[in-house]
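# Understanding the architecture of this molecule
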Amino acid sequence: MEELKQRILAESTVLSSDVIKLDALLNQQVDPQLMVKMGKEFAELYRDEQITRVVTVESSGIPVAFATALELGVPLVFARRKKTLLADVDALVERVPSFTKGIVTDIMLSRQFVTENDRILFIDDIIANGDAARGLVKIIQRSGATLVGVGIVIEKSFQNGANTIREQGIRLDSLVKITSLADGQITFG
């Protein structure tokens, strides 16, 4: 997606050879028009797959997952990272490390909103090491639902996260692949 590449070049900051700061695009500020365009891209990729729900992990994946769900005409369900007083006591839970936060957290998905009859499209903002993605994949599989595919806005293909999902035989589509952040330069693949 050429527009997204140009926005990444103009509005992101390379912090190291492993880390890119995307606050102006995905993590703190979002452009609704860009989110809608990305949602349409994902919806077109999965239009014929009889998706019944779009699932994401809070919080940065929510805007693009919402746009995708809206375009497909299905509900959006998101896994929580923090347990609340109102949390489903029977939620599906997976403990995962966070690459960007440097901590281990639980991700929780309510059984109320995902059933064995669902055909799930998992949408997320970025994949690096893939720990959160693998955790949510495990949760979806334990729910009995069918995971149709994973849509990622930005894949850091120089890290192994996306490949670990693909190696499980799961379809994974990325709108943009970053192959390197070496020397502070963003290289697309």
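First things first, this report covers the structure right here in the doc.

Turning next to the environment of Val64. With respect to the helices and strands, the residue Val64 is situated in helix α4 (residues 62-72). Excluding residues within four positions of it along the chain, Val64 makes contact with Met35, Met38, Gly39, Phe42, Ile123 and Val153.

Moving on: the nonpolar core. Judged by nonpolar contacts, the single largest core of 29 residues is most densely connected at Leu4, Ile8, Leu26, Met38, Ile51, Val54 and Val153. At the level of elements, α1 (2-11), α2 (23-27), α3 (32-46), α4, β7 (119-127), β8 (146-156) and β9 (172-180) are the ones that each hand at least two residues to this core. Among the elements that take part in this core, α3 stands out by supplying six residues, more than any other. Sequence-distant contacts of Leu4, defined by excluding residues within four places in its chain, comprise Leu34, Met38, Val153, Leu175 and Val176. In this structure, Val114, Val137, Ile152 and Leu172 belong to the second largest nonpolar core, which totals 25 residues.

Inspection of α4 places Val64, Ala65, Ala67, Thr68, Ala69 and Leu72 among the buried residues, and these make up the whole buried set. At the exit of α4 stands Gly73, carrying a positive phi of roughly 70°.

Quick look at the sheet that holds strand β3 (residues 53-57) now. Pairing within the open sheet is mixed, and its six strands lie in the order β4-β3-β7-β8-β9-β10. The two strands at the open ends of the sheet, each matched to only one other strand, are β4 (76-79) and β10 (187-188). Where β7 meets β8, eight bridges bridge the pair, whose relative direction is parallel. Considered in β8, the bridge of Ile120 is made with Leu147. The sheet strands contacting α3 are β7, β8 and β9, and the helix crosses β8 at an angle near 140°. On the sheet, helix α5 (residues 131-143) packs against β3, β4, β7 and β8 and is oriented at approximately 170° with respect to β7.

Here we take up the packing of α3 against α4. Where α3 meets α4, the axes come as close as 7 Å, and the angle between the chain directions of the two elements is 55°. Between α3 and α4, the crossing angle belongs to the class labelled oblique. For the crossing formed where α3 meets α4, the hand is right-handed. Between α3 and α4, the contacting residues are Met35, Val36, Met38, Gly39, Lys40, Phe42 and Ala43 on the first element and Pro63, Val64, Ala67, Thr68, Glu71 and Leu72 on the second. Taken together, the residues that form the contact of α3 with α4 break down as nine nonpolar, two polar and two charged.

Conventions adopted
Residues numbered from 1 in each chain as written. Predicted model: local features only at pLDDT ≥ 70, side-chain atom pairs only at ≥ 80, totals over all residues. Heavy atoms only, no water. Helix = DSSP H or I, 4+ residues; strand = E, 2+ residues; numbered from the N terminus. Contact = heavy atoms within 4.5 Å. Core = buried A, V, L, I, M, F, W, Y, C linked by side-chain atoms within 4.5 Å. Buried < 20%, exposed > 50% of the residue type's maximum accessible area, 1.4 Å probe, protein only. Pairing = 2+ DSSP bridges. Axes fitted to C-alpha atoms, helices over the stretch in contact; angles between N-to-C directions. Parallel < 35°, antiparallel > 145°, perpendicular 65-115°, else oblique. Left-handed = near helix turned anticlockwise from the far one by under 90°. Nonpolar A, V, L, I, M, F, W, Y, C, P; charged D, E, K, R; others polar.

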